[in-house]
Amino acid sequence: MEQQVLIIRKIEKITHNVLRFTLNNTNKIKFMPGQAAELAVDKDGWRDKRNPFTFTSLPFEDHLEFTIKIYPDHNGVTNELSKLEVGDKIILKSVFGAIQFEGKGTFIAGGAGVTPFISIIRDLHQKGNLKGNRLIFANSTQIDIINKNEFESILGDNFLNILSREEVDPYSHGRIDTAYLKDNITSPEDYFYICGPEPMMDTVEDSLKELGVEEDKIVKEVFN
Ligand SMILES: Cc1cc2nc3c(=O)[nH]c(=O)nc-3n(C[C@H](O)[C@H](O)[C@H](O)COP(=O)(O)OP(=O)(O)OC[C@H]3O[C@@H](n4cnc5c(N)ncnc54)[C@H](O)[C@@H]3O)c2cc1C
């Protein structure tokens, strides 16, 4: 696809290190919930540095939304994105992505790896098809939980949180391992969607297989 230059309409700080960018979608860019695009900052020295980010808006909306974790110490694309203001421009190239909804299941996310599930879960909710789907969300501490209020509101008891560096009610403490999944999986025959950093993905995938989940029921995308 031709590269598109998009104007920032709104920037919101949604956790201590995550920003939500709302962009104009004048050219009606087509994507499926769960897909990503390559983004670059439209500034001298940054136009060729493109990194992948997931659409968190829905395809029919009149704007695009991206939910982006900022790494100031990398001095890379996300740090540059964090310096932008309303009216500044972002370049979007090539829509792609491995995660799409295949059927009812459990979404398992680590940190910013939740972004493909934001769009998918919103889409299911809009269509009245969210029932029976669950989200297991792993973070370091509770202040890292992206879109906590929204997930609580639309998923209710089907929103499970686990924190690795904080022990606080009502959240589970630790990492997503076989024991945790054994206690928390309700339907092993459903789909399992995994997205997060590579080490977490490997552990979760191995654990799911150990618990009898078929390989073709595991849908995944690594976020590094
Ligand atoms: C398909 C896909 C979709 C994604 N969607 C999203 C999304 O929606 N939201 C989101 O927040 N993230 C998403 N990610 C992850 C996101 O692309 C990266 O987190 C982001 O590009 C990292 O950019 P950066 O600013 O940290 O540094 P970069 O611009 O990638 O790198 C800058 C420099 O930082 C250095 N660096 C890199 N990693 C480290 C490190 N761990 N420690 C120290 N230095 C380091 C490197 O030397 C590099 O030269 C997605 C990833 C994929 C693959």
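A.B. asks: Give me the lowdown on the domain arrangement of the chain, citing residues and values where you can.
C.D. replies: For the chain, the domain assignment lists domain 1 (4-96) and domain 2 (105-222). A separation of 24 Å is found between the C-alpha centroids of domain 1 and domain 2. Listed as interface residues are 16 residues of domain 1 and, on the opposing side, 14 residues of domain 2. For the pair domain 1 and domain 2, the summed buried surface comes to about 1,300 Å²; carbon and sulfur atoms form 58% of the total. Counting across the interface, domain 1 meets domain 2 through one salt bridge. In this structure, the salt-bridge partner of arginine 122 is glutamate 65, at a minimum N-O distance of 3.0 Å. At the junction of domain 1 and domain 2, the tally comes to six residue pairs in polar contact (both at pLDDT 80 or more). Of the residues forming the side of domain 1 that touches domain 2, the biggest block, three residues, is contributed by strand E5 (residues 63-69).

A.B. asks: Tell me about the packing of aromatic side chains, and please be specific about residues and values.
C.D. replies: On inspection of all chains with the given rule, the structure shows nine aromatic pairs. Plain terms: the ring middles of phenylalanine 55 and phenylalanine 66 are 5.1 Å apart, the flat faces sit at 40° to each other, and that makes the pair tilted. Of this pair, phenylalanine 55 sits in the loop between strand E4 (51-54) and E5 while phenylalanine 66 is found in strand E5, placing the two residues eleven residues apart along the sequence. In this structure phenylalanine 55 comes out as buried when scored by relative accessible area, which is 0%.

Cut-off values and rules
Residues numbered from 1 in each chain as written. Predicted model: local features only at pLDDT ≥ 70, side-chain atom pairs only at ≥ 80, totals over all residues. Heavy atoms only, no water. Domains from an automatic or database assignment. Contact = heavy atoms within 4.5 Å. Buried area = accessible area lost by both parts, 1.4 Å probe. Salt bridge = Lys/Arg side-chain N within 4 Å of Asp/Glu carboxyl O. Polar contact = N/O pair within 3.5 Å; in protein donor to acceptor, adjacent residues only side chain to side chain. Helix = DSSP H or I, 4+ residues; strand = E, 2+ residues; numbered from the N terminus. Phe/Tyr/Trp six-rings, centres within 6.5 Å; stacked < 30°, edge-to-face > 60°. Buried < 20%, exposed > 50% of the residue type's maximum accessible area, 1.4 Å probe, protein only.

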